[in-house]
Amino acid sequence: TDRYWKAIIQDGGGQASACGWCKDRFGMSWQITPERLIELLAAGGETASRAFTAMMDMSKIDIAALDRAVEGVKK
C-alpha cells in the first residue's frame, strides 16, 4: 500500500483524496486498498462497521488505525 501510494502521490506528482482514492499526474483515479481493509469489511457486523467508519476519515488507508478502530481503541 505504501509503495503504490508513494509512487502515485509523492514521486508521481499526484493528488490524495479520501478513503484511499488518489489521482495520478495524468488525472487517472486509483483506489489503493490494503488486503486488511477487505478482510475487515468482509467480516461483517460491528467489525465491518468500525473499519468502514475509520476508513471514511482517512486519505491513505492506515492499517494500524483500522485495527485500533476495530478493537475500539482511539488514536
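Notes on the structure in this doc start here. Since this is a predicted model, take the numbers as computed values, not measurements. (Residues numbered from 1 in each chain as written. Predicted model: local features only at pLDDT ≥ 70, side-chain atom pairs only at ≥ 80, totals over all residues. Heavy atoms only, no water.)

## Some thoughts on the packing of helix α2 (residues 35–43) against helix α3 (residues 45–56)
- The N-to-C vectors of α2 and α3 enclose an angle of 135°; their axes lie 6 Å apart at closest approach. Here α2 lies oblique to α3, going by the angle between them. Counted together, Leu-37, Leu-40, Leu-41 and Ala-43 of α2 and Gly-45, Thr-47, Ala-48, Ala-51, Phe-52 and Met-55 of α3 form the full contact between these two elements.
- Grouping the constituent residues of the contact of α2 with α3 by class yields eight nonpolar, two polar and no charged. (Axes fitted to C-alpha atoms, helices over the stretch in contact; angles between N-to-C directions. Helix = DSSP H or I, 4+ residues; strand = E, 2+ residues; numbered from the N terminus. Parallel < 35°, antiparallel > 145°, perpendicular 65-115°, else oblique. Contact = heavy atoms within 4.5 Å. Nonpolar A, V, L, I, M, F, W, Y, C, P; charged D, E, K, R; others polar.)

## Overview of helix α4 (residues 63–71)
- Here α4 has its buried residues at Ala-65, Leu-66 and Ala-69. The arc that holds the buried residues of α4, viewed along the axis, is 105°, so those residues lie on one side.
- Those residues of α4 hidden inside the fold are in contact with α2 and α3.
- Two to three positions downstream of the cap, the backbone nitrogen of Ala-64 sits 3.1 Å from a side-chain oxygen, assigning the N-cap of α4 to Asp-62.
- One or two steps after α4, the chain reaches Gly-72, where phi turns positive at roughly 85°. (Buried < 20%, exposed > 50% of the residue type's maximum accessible area, 1.4 Å probe, protein only. Arc of directions from axis to C-beta. Polar contact = N/O pair within 3.5 Å; in protein donor to acceptor, adjacent residues only side chain to side chain.)

## Describing the state of the cysteines
- Per the counting criterion, the structure on display carries zero disulfides.
- Of the cysteine sulfurs around Cys-19, a residue in no disulfide, the closest is that of Cys-22, at 12 Å.
- In this structure Cys-19 comes out as buried when scored by relative accessible area, which is 11%.
- Given the relative accessible area of 2%, Cys-22 is considered buried. (Disulfide = S-S within 2.5 Å.)

## Observations regarding the environment of Gly-13
- Its location among the elements puts Gly-13 in the loop between α1 (2–10) and β1 (15–16).
- By relative accessible area, which is 55% here, Gly-13 ends up exposed.
- Separated by 12 residues in sequence, Gly-13 and Arg-25 place their C-alpha atoms 5.4 Å apart.
- Apart from residues no more than four positions distant in its own chain, Gly-13 is found in contact with Ile-8 and Arg-25.

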